[in-house]
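If you want the building blocks of each chain, they are given just below.
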Amino acid sequence: MEYRLNISDITPQTSEWTCKVQVIEKARARQSKDGRTRFQIAIVQYQMEEQVAVALYGDDIEKYQNKFTPFCTYLISTAKVRTPLPFTVVERIKEDNMDDPPLPAPTRLNIVSLANLDQQPRNAEFDILAIVVSCGAIKIAGVHGNKCRQIIVMDTDPHHCIFTLWEDFAETDGNELATQVDKHLIILAKRIARSSYADDNTGTSLTTRYNSAILVNPFYPQAAELMNWVKDNEETLRTYAQSSSSEATSSPLLMSLHDEAVPIANIQSQPAMQSFHVEAKMLLLDDEQRFYELMCSKCKQFVRTSIIKAVDCVNCDQHAMLPPRCRFQVEIADRSGSAIATIFGESGENLLSMKAEQIYEITKIKNEVMPLQQRLANKVFKVQLKKLLSRASDETPAKLFILSYVEKQDAPQLPAPSTFTTAGESSKRELGNLSSPQEQKELITEPTSSSKRQQIERTTPTRKNASSSRKQNIEPVTAAKKK
């Protein structure tokens, strides 16, 4: 005899049963660790939102591809009970079935707000519900050359961040999101984590994991609320999407959510660990700076050396090569003052129009100076910055770094950075990056040296003062070789 049971009533000793369930999640099909079994896990729930994992194996994956879909109600049965459940679909319960109606839309969610991402442990998995506002193209990244795609997600507060989709997620889910990005789809991303990818220079960002799942426009009341917010803010989202798109990079740019630019003189008054933007010119501080740094290919830890080589990393205790990453300083300036910013990763490569490997070859192998000042001449940028927490007193300028930048078209001409009058030590702000926790600590505590101030305030040497520049260990920009 067949019994209609609740999920909680089914045990390994239950021989024959039928259960009415609603599919709330269906993960991608995967191979077992030994490669012999192909399986797919789905999460179903009963009326009281009790949840259980059920499994599809082999040919059943394709058999039920369009017959066992999320947010539909089914009768399922099985002869064995284990974790997860193997099962057989008996029938789908249709919406117009008055005698045995489908289950109501699910409401049980345990999601993390985008405002609280910094509080999540680095390797902890969690869920988010957010709006997709921009979507980049697939690119190859990471030490092992993995495929990935970066998207920007946002909530109603509004908070936003970069979400990196890796491998199958970049192709399958990413293609769906990219083709409908103008519709600002709602996604429920399950079992994702904070990112540790080295090229993430955008502060806190997100990444998929092996067992993640991405549900598009899920049938939750919370998602319906987001959809209504999207309708009311369509123009704002469209404007943001346009400003975050970049032809120079395959990744979207995480732009400031506030239209008003902050004068550089007021940077110190901005909240710590929050982004803001300025409109300013950018000037390379020193053509002879290294323009790159080296990091462990395994753990991405910054290594204090200038030569690419294999090392035994003291951070991850593995033998690894040290690939270069672009990193250099620029001076940003508007009519109110000037500051120093560090830019790195893909953003830095785009500004210089060359890869980190090319920079290493020019500056280290060929021992040449890169004459790059003309690249930024007479250009005004919308620069997004983020200020780090400072452990020193309030009088000590906080460290900041560049999140993104966009060249402004038809921008008013600003005075050249070298013409600004600065108001002592506090008017110069050295910006760091977040390539490693140890480096953050050093950037936060390291005071600005007088030698750095001299480099900041110097102008480009002319032929007449080239000899005096050499006496001060400063090479003219036109020099072909380092001293």
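Residues numbered from 1 in each chain as written. Predicted model: local features only at pLDDT ≥ 70, side-chain atom pairs only at ≥ 80, totals over all residues. Heavy atoms only, no water.

You'll find the chain entered in an unreviewed UniProt entry as Replication protein A 70 kDa DNA-binding subunit B-like, with Nicotiana tabacum given as the organism.

Novice: A description of the pattern of salt bridges should follow, citing residues and the corresponding values.
Specialist: The tally for this structure, following the rule as stated, stands at 11 salt bridges. One salt bridge connects Glu25 with Arg191, and the closest N-O pair in it is separated by 2.3 Å. Of the two residues, Glu25 is situated in strand 1 (residues 17-26) and Arg191 in strand 12 (residues 186-194); the sequence distance between them amounts to 166 residues. Taking relative accessible area as the criterion, Glu25 reaches 2% and is therefore assigned buried. Note that Lys139 and Glu346 form a salt bridge whose closest N and O atoms lie 3.1 Å from each other. (Salt bridge = Lys/Arg side-chain N within 4 Å of Asp/Glu carboxyl O. Helix = DSSP H or I, 4+ residues; strand = E, 2+ residues; numbered from the N terminus. Buried < 20%, exposed > 50% of the residue type's maximum accessible area, 1.4 Å probe, protein only.)

Novice: Any details on the nonpolar core? Residues and values, ideally.
Specialist: The biggest cluster of nonpolar side chains holds 36 residues, and the ones touching the most others in it are Val278, Met282, Phe328, Val330, Ile332 and Leu351. Where this core is concerned, the elements lending two or more residues are strand 15 (275-284), strand 16 (292-295), strand 20 (324-334), strand 21 (337-344), helix 5 (345-352), helix 6 (356-365), strand 22 (380-387) and strand 23 (400-407). With 5 residues, the single largest contributor to this core is strand 15. The contact partners of Ile332, leaving out residues within four places of it in the chain, are Ile264, Val278, Ala280, Lys281, Met282, Gly337, Ser338, Ala339, Ala341 and Leu385. (Core = buried A, V, L, I, M, F, W, Y, C linked by side-chain atoms within 4.5 Å. Contact = heavy atoms within 4.5 Å.)

Novice: Please give an account of the packing of aromatic side chains that cites residues and values.
Specialist: Per the stated rule, a full pass over the model turns up 7 aromatic pairs. An angle of 45° between the planes, with centres 5.1 Å apart, marks the rings of Phe68 and Tyr74 as tilted. Accessibility expressed as a relative area gives 0% for Phe68, which makes it buried. Between Tyr292 and Tyr360, the ring centres sit 5.2 Å apart and the planes meet at 80°, which makes this aromatic pair edge-to-face. In this pair, Tyr292 is assigned in strand 16 and Tyr360 in helix 6, connecting sequence segments 68 residues apart. For Tyr360, a relative accessible area of 8% translates into the label buried. (Phe/Tyr/Trp six-rings, centres within 6.5 Å; stacked < 30°, edge-to-face > 60°.)

Novice: I'd like a rundown of helix 2 (residues 168-179), residues and numbers included.
Specialist: The terminal C-alpha atoms of helix 2, which comprises 12 residues, lie 16 Å apart, in line with the 16 Å expected from a rise of 1.5 Å per residue. Within helix 2 the residues assigned to the buried category are Phe169, Ala170, Asp173, Gly174 and Leu177. For helix 2, the angular spread of buried residues about the axis comes to 115°, placing them on one side. Those residues of helix 2 that are exposed and aimed more than 90 degrees away from the buried face are Thr172 and Thr179. Where helix 2 is buried, its residues touch strand 8 (126-135), strand 10 (146-154), strand 11 (160-166), strand 12 and strand 14 (213-216). (Expected span 1.5 Å × (residues − 1). Arc of directions from axis to C-beta.)

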